[in-house]
Structure formats: C-alpha cells, structure tokens
Amino acid sequence: MKDDQALCMLSAIAHETRLAMLKALVRAEPKGLTAGDIAAVVDATPSRASFHLANLDKAEVVTSTRSSREIIYRANMDQVGNLLGFLLHDCCAGDA
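What counts and what doesn't
- Residues numbered from 1 in each chain as written.
- Predicted model: local features only at pLDDT ≥ 70, side-chain atom pairs only at ≥ 80, totals over all residues.
- Heavy atoms only, no water.
- Pairing = 2+ DSSP bridges.
- Helix = DSSP H or I, 4+ residues; strand = E, 2+ residues; numbered from the N terminus.
- Patch = residues over 30% accessible without salt bridge, like charges linked within 9 Å, V, L, I, M, F, W, Y side chains within 5 Å.
- Areas by Shrake-Rupley, 256 points an atom, 1.4 Å probe, with all protein chains shown as cover.
- Salt bridge = Lys/Arg side-chain N within 4 Å of Asp/Glu carboxyl O.
- Core = buried A, V, L, I, M, F, W, Y, C linked by side-chain atoms within 4.5 Å.
- Buried < 20%, exposed > 50% of the residue type's maximum accessible area, 1.4 Å probe, protein only.
- Contact = heavy atoms within 4.5 Å.
- Arc of directions from axis to C-beta.

**Digging into the sheet that holds strand S1 (residues 33-34)**
Stage number 1. Reading across from one edge, S1-S3-S2 is the order of the 3 strands in this open sheet, with antiparallel pairing throughout. Each edge of the sheet is formed by a strand with only one pairing partner; in this case those strands are S1 and strand S2 (62-67).
Stage number 2. Pairing analysis gives 2 bridges linking S1 to strand S3 (residues 70-75), with the strands arranged antiparallel. Pairing of Thr34 across the sheet is with Ile72, part of S3.

**A few points about a nonpolar patch on the surface**
Stage number 1. There is a patch of nonpolar side chains on the surface, built from Leu10, Leu84, Leu87 and Leu88 and spanning about 370 Å² of accessible area.
Stage number 2. Here the nonpolar patch takes 3 residues from helix H5 (residues 77-88), the largest share from any one element.
Stage number 3. Along the polypeptide, Leu84 turns up in helix H5.

**Notes on the nonpolar core**
Stage number 1. One finds Met21, Leu25, Ile38, Leu56 and Val61 to be the most contacted residues of the largest nonpolar core, which totals 24 residues.
Stage number 2. The set of elements that each furnish at least two residues to this core consists of helix H1 (3-13), helix H2 (16-27), helix H3 (35-42), helix H4 (46-58), S3 and H5.
Stage number 3. Not counting chain neighbours up to four residues away, the residues in contact with Leu56 comprise Ala12, Ile13, Arg18, Met21, Val61 and Val62.

**Considerations on H3**
Stage number 1. Listing the buried residues of H3 in full gives Ile38, Ala39 and Val42. Mapping the buried residues of H3 onto a view down its axis gives an arc of 100 degrees, with all of them on the same face.
Stage number 2. Buried residues belonging to H3 abut H2, S1, H4 and S3.

Purely geometric numbers; function is a separate question.
Here's what the structure looks like:
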C-alpha cells in the first residue's frame with residue numbers, strides 16, 4: 001500500500017459516523033448490511049448514510065453489491081487488513 005492510498009482510507013474513516021459504519025460492517029461480516037440497516041445503526045437519515053457510504057466506497061473501505069432492489073455493503077476486509085499491515089510495517093523498529 002502506498003502513502004496516498006493509506007491517507008485516503010484514513011481520511012475516510014476519520015469521521016465519527018463513517019467509523020461507526022465501518023465498525024458495524026465489520027461486525028456484520030460476511031453477510032453485510034443494507035444502507036437502511038447501516039443508517040439505523042448509526043442513527044442517520046438515509047440520505048446522510050448514503051453520503052457517508054459513498055465516501056467509504058470511494059476510499060475502498062467498503063464494497064457494495066446489488067441484490068434485487070437493495071445494495072448490500074460489506075467491509076473491504078482485504079483493504080482494511082492492508083491498511084493495518086501498512087501502519088504496523090515499521091512498528092518496533094522491525095523487532096517482532
């Protein structure tokens with residue numbers, strides 16, 4: 001992972017509502033949640049939830065798939081793992 005991608009992801013989750021959304025989606029793995037379910041969990045209006053989900057999607061923190069008339073959101077666990085690995089790469093001066 002490059003610095004610019006890490007910064008994009010960190011910026012996306014550096015907001016109370018978006019962090020709460022990510023945490024809810026991690027707990028909902030692997031099933032995921034609809035936008036309406038996510039809005040209810042974070043106590044946001046549907047339009048506000050959509051705005052925040054779009055930010056998370058743009059930063060590749062979440063993925064979405066259409067299922068009939070609903071969009072199911074899931075935490076992008078690969079990217080979240082990559083971000084954590086990136087942050088810990090230089091931890092402890094290389095001493096495991």
